[in-house]
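Fold and contact review
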Protein chains: 2
Amino acid sequence: MINADKKRTQILEAATRRFAHFGLAKTTMSEIAQDLSFSKALLYYYFPDKNTLYAAVLEHVINQSFEEIEEALPSFNGCHETIMFVLDRRIAFITKYYNLLEHSISAVQQTPNEMASVMADSKVKEKAIISKILQRGVDTGELYVEHMEETAEIMLFALAGMRFSILKDLNGVLFPTKEEFDRILSLQKKMATIFLRGLEVRSASDPQR
Amino acid sequence: MINADKKRTQILEAATRRFAHFGLAKTTMSEIAQDLSFSKALLYYYFPDKNTLYAAVLEHVINQSFEEIEEALPSFNGCHETIMFVLDRRIAFITKYYNLLEHSISAVQQTPNEMASVMADSKVKEKAIISKILQRGVDTGELYVEHMEETAEIMLFALAGMRFSILKDLNGVLFPTKEEFDRILSLQKKMATIFLRGLEVRSASDPQR
């Protein structure tokens, strides 16, 4: 069983490298098997088709990224600093795994069901992290948030707006440039700064305004 | 010349009704000519092809909408009230002219050049309106805005994020539901409220924070 898990992890890691570099369409199961000197039969034993493997890879890298962020959270002081860190990590993650994520980022391509559920799951986790950070701000008396779930969602939607508006090509045909990613991050940080300031408590007697 | 302008306006209005109802693909120049009892030759004299006419229609309705908003602006007190009005009008406009706008809203379809320039122009005007409203807030001492252009842009991008995130189908294949438009408007208003609060001056001695 330990051996089986190890093999599964090896496959995920090899597949991550292939998919992240070449994308879904330009990667074959044979190439991944060759990278590992595994038989194709062994590969198919763990992952019955390419979409299943792709979804597992997506889940794998997304979970890794969330774990890294979650682990780092306690070391920050204040909501602003924490959110800036999260934004830095998010854009670094998207930049690194753009080829892998393009299927999910793209508004055009039909997302296979396996990936859709991974992405839906990732959105839930992302909202949970933002809620957690805002809740900590509420607990320390820094922020006032009336509807936590909705406020976290609005913040995430607003941040996504920077990406959608800057990226000219949502078809995922062209890889966004370094300048585009930098501009998205810069605008996201400014947006988040204004947004958090809009949630700040101004005086003890009048938390909302 | 007056007669010529009148004919042009008649064509624009008939074409607006057709395009707004049936969209670009499902409207023919013959139908528009028939609606007006004009010859096709006369129609083509004013608009050499369907894309040119479509772009003129788009420009026509967008300009009308901006004029209505601009005229109403002086009657509002304070930025918050003004922005809420602008958001109401924007969503009402998009709801009314969705079929007409889908080519521009859609991330998928290739936008013909004629329309792209109309949309680019409309974005400039939209930013100018938001800047004007924020500037009035700065002038009355209500707001503090360091970089006006960029702040207006961030606000518009964040508002667009609500639309992109709520609309599941960016292909423009399905007309968004009334519920989706209502939800977009509700989230946009909450976003704008938090955003404006984040720009508010808190004390005379410490405008920025």
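Keep in mind that what you see is a predicted model, and the values were worked out from it rather than measured.

The rules behind the values
- Residues numbered from 1 in each chain as written.
- Chains lettered and ligands numbered in written order.
- Predicted model: local features only at pLDDT ≥ 70, side-chain atom pairs only at ≥ 80, totals over all residues.
- Heavy atoms only, no water.
- Helix = DSSP H or I, 4+ residues; strand = E, 2+ residues; numbered from the N terminus.
- Buried < 20%, exposed > 50% of the residue type's maximum accessible area, 1.4 Å probe, protein only.
- Contact = heavy atoms within 4.5 Å.
- Areas by Shrake-Rupley, 256 points an atom, 1.4 Å probe, with all protein chains shown as cover.
- Phe/Tyr/Trp six-rings, centres within 6.5 Å; stacked < 30°, edge-to-face > 60°.
- Lys NZ or Arg CZ within 6 Å of the ring centre and 35° of its normal.
- UniProt positions renumbered as here; feature names shortened; annotations may be inferred.
- Core = buried A, V, L, I, M, F, W, Y, C linked by side-chain atoms within 4.5 Å.
- Axes fitted to C-alpha atoms, helices over the stretch in contact; angles between N-to-C directions.
- Parallel < 35°, antiparallel > 145°, perpendicular 65-115°, else oblique.
- Nonpolar A, V, L, I, M, F, W, Y, C, P; charged D, E, K, R; others polar.
- Salt bridge = Lys/Arg side-chain N within 4 Å of Asp/Glu carboxyl O.
- Expected span 1.5 Å × (residues − 1).

**Remarks on the overall build of chain A**
Secondary structure summary: chain A contains nine helices and zero strands in total. Order of helices (α) and strands (β) in chain A, N terminus to C terminus: α-α-α-α-α-α-α-α-α. Here chain A, with 209 residues, has 50% of them falling under the buried criterion. Taking all contacts inside chain A whose residues are at least 6 apart in sequence as the whole, residues at least 24 apart take part in 72%. Summing over all exposed atoms, chain A offers an accessible surface of approximately 10,400 Å²; the carbon and sulfur share of this is 54%.

**Quick notes on the packing of aromatic side chains**
We describe a pair of aromatic rings using the distance from one ring centre to the other and the angle between the two ring planes. Across all of its chains, the model carries eleven aromatic pairs over all chains by this definition. Relative to Tyr46(B), the ring of Tyr45(B) has its centre 5.2 Å away and its plane inclined at 85°; by these criteria the two rings are edge-to-face. When its relative accessible area of 19% is taken as the criterion, Tyr46(B) is described as buried. In this structure, Arg163(A) is placed above the aromatic ring of Phe164(A), and the distance from its NZ or CZ to the ring centre is 5.7 Å.

**Description of the UniProt feature "DNA-binding region" (unreviewed entry) in chain A**
As recorded in UniProt, the sites labelled "DNA-binding region" (unreviewed entry) are residues 28-47 of chain A. Secondary structure content for residues 28-47 of chain A is 75% helix and 0% strand, and the end C-alpha separation is 13 Å.

**Quick notes on the nonpolar core**
Leu53(A) and Leu53(B) are the most contacted members of the largest nonpolar core, which has 142 residues in total. Non-local contacts of Leu53(A), meaning those with residues more than four positions away in its chain, are made with Ile11(A), Leu12(A), Ala15(A), Phe19(A), Met29(A), Ile32(A) and Phe47(A).

**Description of the packing of helix 9 (residues 178-199) of chain A against helix 8 (residues 148-166) of chain B**
Remark: helix 9 of chain A packs on helix 8 of chain B, axes separated minimally by 10 Å, with the N-to-C direction vectors making an angle of 90°. By the angle class used here, helix 9 of chain A and helix 8 of chain B are roughly perpendicular. Residues Arg183(A), Leu187(A), Lys190(A), Met191(A) and Ile194(A) of helix 9 of chain A form the contact with helix 8 of chain B, whose participating residues are Glu150(B), Thr151(B), Glu153(B), Ile154(B), Phe157(B) and Ala158(B). Its residues assigned to classes, the contact of helix 9 of chain A with helix 8 of chain B shows six nonpolar, one polar and four charged.

**Observations regarding the pattern of salt bridges**
Counted under the stated rule, the structure contains 28 salt bridges over all chains. Residues Asp182(A) and Lys178(A) are paired through a salt bridge, measuring 2.9 Å at the closest nitrogen-oxygen approach. Of this pair, Asp182(A) and Lys178(A) both sit in helix 9, four residues apart, which is roughly one turn of the helix. Note that Glu200(B) and Arg202(A) form a salt bridge whose closest N and O atoms lie 2.8 Å from each other. Of this pair, Glu200(B) sits in the segment after helix 9 (178-199) while Arg202(A) sits in the segment after helix 9, placing the two residues on different chains. Assessed through its relative accessible area of 12%, Glu200(B) is described here as buried. Arg202(A) gets classed as partly exposed once you look at its relative accessible area, which sits at 30%. Via salt bridges that share partners, Lys127(A), Glu149(A), Glu150(A), Glu153(A), Arg183(B) and Lys190(B) belong to a single interconnected network.

**Topic: unusual backbone geometry**
With a phi close to 55°, Ser37(A) is a non-glycine residue in the positive phi region. Mapped onto the secondary structure, Ser37(A) falls in the loop between helix 2 (29-36) and helix 3 (40-46).

**Digging into the environment of Phe47(B)**
Residue and element names in this part refer to chain B. The residue Phe-47 is located in the loop between helix 3 (40-46) and helix 4 (50-72) in this model. Of the residues examined, Phe-47 reaches a relative accessible area of 2% and is grouped as buried. Filtering out sequence-adjacent residues up to four positions away, Phe-47 remains in contact with Arg-8, Ile-11, Leu-12, Met-29, Thr-52, Leu-53 and Ala-56.

**Notes on the environment of Lys190(A)**
Considering the arrangement of structural elements, one finds Lys190(A) in helix 9. Remark: the alpha-carbon pair of Lys190(A) and Leu159(A), spanning 31 residues in sequence, is separated by 10.0 Å. With near-sequence residues (within four places) excluded, Lys190(A) lies in contact with Glu150(B) and Ile154(B).

**Brief notes about the packing of helix 8 (residues 148-166) of chain A against helix 8 of chain B**
At their nearest, the axes of helix 8 of chain A and helix 8 of chain B sit 6 Å apart, and the two run at 105° to each other. Between helix 8 of chain A and helix 8 of chain B, the interaxial angle falls into the category roughly perpendicular. Of the residues in helix 8 of chain B, those touching helix 8 of chain A at Ile154(A), Phe157(A), Ala158(A), Ala160(A), Gly161(A), Met162(A), Phe164(A), Ser165(A) and Ile166(A) are Ile154(B), Phe157(B), Ala158(B), Ala160(B), Gly161(B), Met162(B), Phe164(B), Ser165(B) and Ile166(B). Classifying every residue of the contact of helix 8 of chain A with helix 8 of chain B gives 14 nonpolar, four polar and no charged.

**Considerations on helix 7 (residues 113-139) of chain B**
For helix 7 of chain B, built from 27 residues, the straight-helix expectation of 39 Å at 1.5 Å per residue is met to within 8% by its first-to-last C-alpha distance of 39 Å. What helix 7 of chain B keeps buried is the set Met115(B), Val118(B), Met119(B), Ser122(B), Lys127(B), Ile129(B), Ile130(B), Ser131(B), Ile133(B), Leu134(B) and Gly137(B).

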